[in-house]
Each structure stands twice: as structure tokens, then as C-alpha cells.
Amino acid sequence: PSWIQALDLFVILGSALLLALILGYSSALFSLVSVAIFTTSFMFFAYWMLFTQGMIINLMFPLLSIAVVTVLALVINYFLEGKQKELIRAKLSKKVSPSVVDDLLKSPDAGILEGKEREITVFFSDIRGFTPLSEAMGSAGELIKFLNEYMTPMTDIIMKDGGTVDKFMGDAIMAYWNAPVLVDDHEDKALMASLEQMEALGTLNEKLKAEGKPTIDIGIGLNTGVATVGEMGSEGRADYTVIGDPVNLGSRLEGLNKGYGSHIIISEYTKKGLKKPYVIRDLDKVKVKGKSEPVTIYEVLAAGEAEGELKQELLEYEKALNLYRTSKFTEAKAAFEALEARCPHILYRMYIDRCAHLMADPPEDFDGVFTYTTK
């Protein structure tokens, strides 16, 4: 019939466009199945037209259009996939270990950079007394070199233990575990990284001391909770990061180290998720600025179990702390004074001063919670 050429043209263009749409949004396996179905369906259609309707339609050009579209789609998808991998690598290569990036590229999640809620363990560290330390460096170049010498081993430890480095804020480091990839026992891995950093810092300080440079002292805060993770920022500039209350609390905990004479403070939420044994001291129940609910905070001294004099000291401290929390301030003060005389520590002096204040001005309903009004 006279319209058979129009039908040929419709089949050629229609199959090419429909196949292009399918291949553009499909996986490799689904694309292969789609091409096979298109080719088989067209051959059956041509067979039906010839032997049922007595009409001959063009075979070569529709099959050629299917082949051309398939090849073009494969080439385009190859380059797009390559760009997507480079995007992921560029976003995450400086945040996580190379092995994690490789795992993401082998089985990429299309929504890996999209915002989602996930339980994470967040890490904050900061150099104490950074202002006088920076003044001692003399020049900006020496200060940058000094900071890089400190930041490099600290960052390597985080990435080695499966963490994601979020950002550097002057002399501070922010990192987190369990994003963008899931990390088993992320509380333990974050804490082990913190303990390894303190060990590495000791080695670094020996080197700095031998070179006549000032040594470094840091505080670390860890907290666990459900936060929002994903790529955030403007259309032109964005970064993969985490936000939420757990992040804010983690930052606050890092800042509390100085007042307690500690180096690593974890929240009760991080402690709850720990699987391995650690030497842990119950520090306090506090309300940090910006939070209405109290949280119990702990100092982590080492991995494993306490032994010898340290074990005895922690047992006596626990008894003194229980006296304090049950409003027995006179007995608690005496217990802390005995500890302070034998094992001088900022923590014991702090509780001695608190007990003295509470003895002079007894509270009506003491709940053991100390409220911080500053960050």
C-alpha cells in the first residue's frame, strides 16, 4: 500500500527513540534484555506483516537503527559512568581511605551523595593552647609546616580505621564513622583511632622536643547518634558532610576535656555501642550549652582492663563520685581530697571545689547534673 513507507519510517524512528530512552536509564543487564526483546519483536512483526497481511516492510534500516542506538548508548553510558566515578573519587578521595573509594566505585550507589539519616560516631579533636603555640612558630610558613606534620599522622589513622575526614578547622579535625559506607562497630573503630592518635602524638612530641619545637597537647570528643549525611552546600560548591544534634554534642564534648584534665571524652551513647573492653572513668553528668537533656560523659584512658594502682584509684574515685551524686558532700569531699593527695589530678580538685560550694549552699533537689552555660 501507499502508506507502507510511512510505516517503515515510523518503525525506524519509533524503535530508535524508545530504545534510546530505555538504554539511557537502565542497567547493563536490562539494556541487553531490551535490545534482544526489540530485535525479536521487530522480526516477529515483520513476519506477521508478510505472512498474515501480505505486506513487505523494510528490514535493514530498523535493524540498523537498533544497532546504532545500542552502540551509541553504550559509548555514552561508558563516558557518563567514568565521569560519575571521577566525581565520587574527587569528593571522597581526601576524606576516606583509597580502599573505601575503590569499594564505592566497584558497586556505586546512585544516591551515595544524597542526603539521608544514618547513625554515625562523630569525632572532634583540637590542639590546646594553639594561640601561644602559633606565636612560637615565628612565621606563617613554619606554622603551616608544623600543623601539617601533626595533621598527617592523625588523618592517616582516621582513614586507616575506616573513618571519614570531614574537614580541618584551623588546628581542629572533624571526622565520622559509618558514612558514606557502613562500618561495623563504628563506635569501637572511632575510639581505637582516638587512642592510636594519642599514642602517635607521644611519638611526634618526642621528635618535636628533640628538634627544639613546642610539643602538642590535644583533646578529643566522641559522640554517637542519628545525623543527616550527604552532599550539602550551594549549586556551585558543595561538600559531603554531616549535620545534626549528635555532631553539635560531639563538638561540645571535645571542649570539655580541659576542665576535666582528660584527653578523650565519649558520651553515654558512644559507650553503649562499644564491644571491646576499655579503661573508662565516669566523669560527670552534664547539660552542655544548647541541650536541655543531661548526658553522662566518660573519660577513656586506654584499651583493655585497668590493673594495679590505676584499678585501685578508679575504684576509690567511683566511690567518691557515688557519694557526691547522693548528696553526701562532706564525705565526698574527704574522699576526693584523699585521692588528690595521693594522685594529683584536675578532676579531683574540681570535685573538691564543687563539694565545698554545695556544702556552703546546699541545693534543695540535687540531681548530680552540672550545667554548662558556655561552649
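Throughout this document, residue positions are counted from 1 along each chain, in the order its sequence is written. Given that the model is predicted, a residue must reach a pLDDT of at least 70 before its local features are reported, and side-chain atom pairs must reach 80 or more before they are shown or counted; all residues, however, enter totals for whole chains, interfaces and linings. Think of the side-chain values as coming from all heavy atoms in the structure, minus any hydrogens and water.

Enquirer: What should I look at first to understand the overall build of the protein in this one?
Expert: Numbered from the N terminus, helices here are DSSP runs of H or I no shorter than four residues, and strands are runs of E no shorter than two. The helix and strand inventory of the protein stands at twelve helices and nine strands. Contacts are residue-level and defined by heavy atoms, with any inter-residue pair within 4.5 Å sufficient. Pairs at least 24 apart in sequence give 67% of the contacts found in the protein among residues at least 6 apart. Exposure was quantified through the Shrake-Rupley algorithm and a 1.4 Å probe, taking into account, for residues, occlusion by the shown protein chains and nothing else. On the protein, roughly 20600 Å² of surface is accessible, and the fraction owed to carbon and sulfur atoms is 60%.

Enquirer: Looking at this structure, how should I read the side chain of Thr121?
Expert: Its location among the elements puts Thr121 in strand E1 (residues 116-127). At a separation of 2.9 Å, a polar atom in the side chain of Thr121 contacts the side chain of Thr224. Beyond its immediate sequence surroundings of up to four residues, Thr121 is in contact with Ala175, Tyr176, Trp177, His186, Glu187, Ala190, Asn223, Thr224 and Thr270. As used in this structure description, the phrase polar contact means that two N or O atoms lie within 3.5 Å; if the pair is within protein, one of them must be able to donate a hydrogen and the other to accept it, and residues adjacent in sequence are counted only when both atoms belong to side chains.

Enquirer: Any chance you could explain a nonpolar patch on the surface here in plain terms?
Expert: On the surface, Met60, Phe61, Leu64, Val68, Leu72 and Ile76 cluster together to form a nonpolar patch covering roughly 580 Å² of accessible area. Looking at where Phe61 falls in the secondary structure, it is placed in helix H3 (residues 60-92). Residues forming no salt bridge and having over 30% relative accessible area are the ones grouped into patches, like charges within 9 Å of each other and nonpolar side chains (Val, Leu, Ile, Met, Phe, Trp, Tyr) within 5 Å. Salt bridges are defined by distance alone: a side-chain nitrogen of Lys or Arg within 4 Å of a carboxyl oxygen of Asp or Glu.

Enquirer: What am I meant to see in the pattern of salt bridges here?
Expert: This model, assessed by the stated rule, comprises 16 salt bridges. One salt bridge connects Lys207 with Glu149, and the closest N-O pair in it is separated by 2.4 Å. Here Lys207, found in helix H7 (residues 186-210), pairs with Glu149, found in helix H6 (residues 140-160); they are 58 residues apart in sequence, far enough to count as distant. The salt bridge partner of Glu149 is Lys213, with a shortest N-O separation of 3.8 Å.

Enquirer: When you look at helix H8 (residues 245-260) in this model, what are you seeing that I'm missing?
Expert: Helical geometry: 3.6 residues make up each α-helical turn, so side chains three or four residues apart lie on a common side. Here, expected helix span is obtained from the residue count minus one, scaled by 1.5 Å. End to end, H8 covers 23 Å across 16 residues, agreeing with the expected 22 Å (1.5 Å per residue, within 8%). Within H8, the full set of buried residues consists of Pro246, Val247, Leu249, Gly250, Arg252, Leu253, Glu254, Leu256, Asn257 and Tyr260. Just downstream of H8 lies Gly261, where phi reads positive at about 70°. Here the term buried applies to any residue with accessible area under 20% of the maximum for its type, exposed to any over 50%, and partly exposed to those in between, with areas from a 1.4 Å probe on protein chains only.

Enquirer: What am I meant to see in the environment of Phe130 here?
Expert: Mapped onto the elements, Phe130 comes out in helix H5 (residues 130-137). Residues Phe130 and Asp171 lie 41 residues apart in sequence; the distance between their C-alpha atoms is 7.3 Å. Beyond its immediate sequence surroundings of up to four residues, Phe130 is in contact with Leu143, Leu147 and Asp171.

Enquirer: Where do I start with the nonpolar core in this structure?
Expert: The nonpolar side chains of a soluble globular protein tend to be buried, and buried together. What we call a nonpolar core is a set of buried Ala, Val, Leu, Ile, Met, Phe, Trp, Tyr and Cys residues that are connected through their side-chain atoms within 4.5 Å. Among the nonpolar cores identified, the biggest contains 36 residues, and Phe123, Ile127, Tyr150, Trp177, Leu191, Ile216 and Ile266 are the most heavily contacted of them. At the level of elements, E1, H5, H6, strand E3 (172-177), H7, strand E4 (218-233), strand E6 (264-267) and strand E8 (295-303) are the ones that each hand at least two residues to this core. It is H6 that contributes the most residues to this core, nine residues altogether. In contact with Ile216, other than residues within four places in its own chain, are Ile127, Leu133, Phe146, Tyr150, Leu201, Leu204, Asn205 and Leu208. Leu249, Tyr260, Ile265 and Tyr324 belong to the second-largest nonpolar core, a separate cluster that totals 28 residues.

Enquirer: Is there a simple way to think about H7 in this case?
Expert: The terminal C-alpha atoms of H7 lie 36 Å apart, and with 25 residues this matches the ideal 36 Å at 1.5 Å per residue to within 8%. In the segment just after H7, Gly212 is the residue with positive phi, at about 80°.

Enquirer: Mind showing me how you'd approach the pairing of E8 here?
Expert: Side-chain positions along a regular strand alternate between the two faces of the sheet. Pairs of strands are assigned from DSSP output, requiring at least two bridges between the strands. Of the pairings in the sheet, the one linking E6 to E8 comprises three bridges and is antiparallel in character. Its bridge partner lying in E8, Ile266 is registered against Tyr298. Bridge count between strand E7 (residues 278-287) and E8: eight bridges; the pairing is antiparallel. When the sheet's bridge partners are listed, Val279 is paired in E8 with Ala302.

Enquirer: Explain the side chain of Ser125 to me, please; I cannot follow it from the model alone.
Expert: Its location among the elements puts Ser125 in strand E1. Look at Ser125 and you get buried, because its relative accessible area is 1%. In this structure, Ser125 is in contact with Tyr150, Asp171, Ala172, Ile173, Gly219, Ile220 and Glu254, ignoring residues within four places of it in sequence.

Enquirer: Explain the environment of Ala20 here, please?
Expert: Along the chain, the position of Ala20 falls in helix H1 (residues 4-24). A relative accessible area of 36% places Ala20 in the partly exposed class.

Enquirer: Looking at this model, I keep getting lost on the packing of helix H10 (residues 308-325) against helix H12 (residues 346-360). Mind explaining?
Expert: If you want to describe how two helices pack, look at the angle between their axes and the distance between the axes. Axis definition: a line fitted to C-alpha atoms, limited for helices to the stretch in contact. Angles are taken between N-to-C directions and run from 0 to 180 degrees. At their nearest, the axes of H10 and H12 sit 12 Å apart, and the two run at 20° to each other. Comparing the axis directions of H10 and H12 gives the class roughly parallel. Between H10 and H12 lies a crossing of left-handed hand. Contacts between H10 and H12 involve Glu313, Tyr317, Leu321 and Tyr324 on the former and, on the latter, Leu347, Tyr348, Tyr351, Arg354, Cys355 and Leu358. Of the residues in the contact of H10 with H12, the class split is eight nonpolar, no polar and two charged. Angle categories: roughly parallel below 35 degrees, roughly antiparallel above 145, roughly perpendicular from 65 to 115, and oblique for all the rest. Take the far helix as the reference: if the near one is turned anticlockwise from it by less than a right angle, the crossing is left-handed, and if turned clockwise, right-handed. Classification convention: Asp, Glu, Lys, Arg as charged; Ala, Val, Leu, Ile, Met, Phe, Trp, Tyr, Cys, Pro as nonpolar; all other residues, Gly among them, as polar.

Enquirer: Quick question: what am I supposed to make of the confidence of the model for the protein here?
Expert: In regions of low pLDDT, the predicted coordinates are not meant to be interpreted in detail. Residue-level confidence of the predictor, termed pLDDT, takes values from 0 up to 100. In the predicted model, the protein carries a mean pLDDT of 87, and the fraction of residues at 70 or more is 88%. Taken element by element, the protein is modelled with least confidence in helix H4 (residues 98-106), mean pLDDT 61, and with most confidence in E6, mean pLDDT 98.

Enquirer: Help me understand unusual backbone geometry, please; the structure alone is not making it clear to me.
Expert: Note the cis peptide between Ala179 and Pro180, where omega equals 5°. Along the chain, Pro180 turns up in the loop between E3 and H7. The backbone phi angle of Asp185 is positive, close to 50°, even though this residue is not glycine. By secondary structure assignment, the location of Asp185 is in the loop between E3 and H7. Judged by relative accessible area, Asp185 falls into the partly exposed class, the value being 36%.

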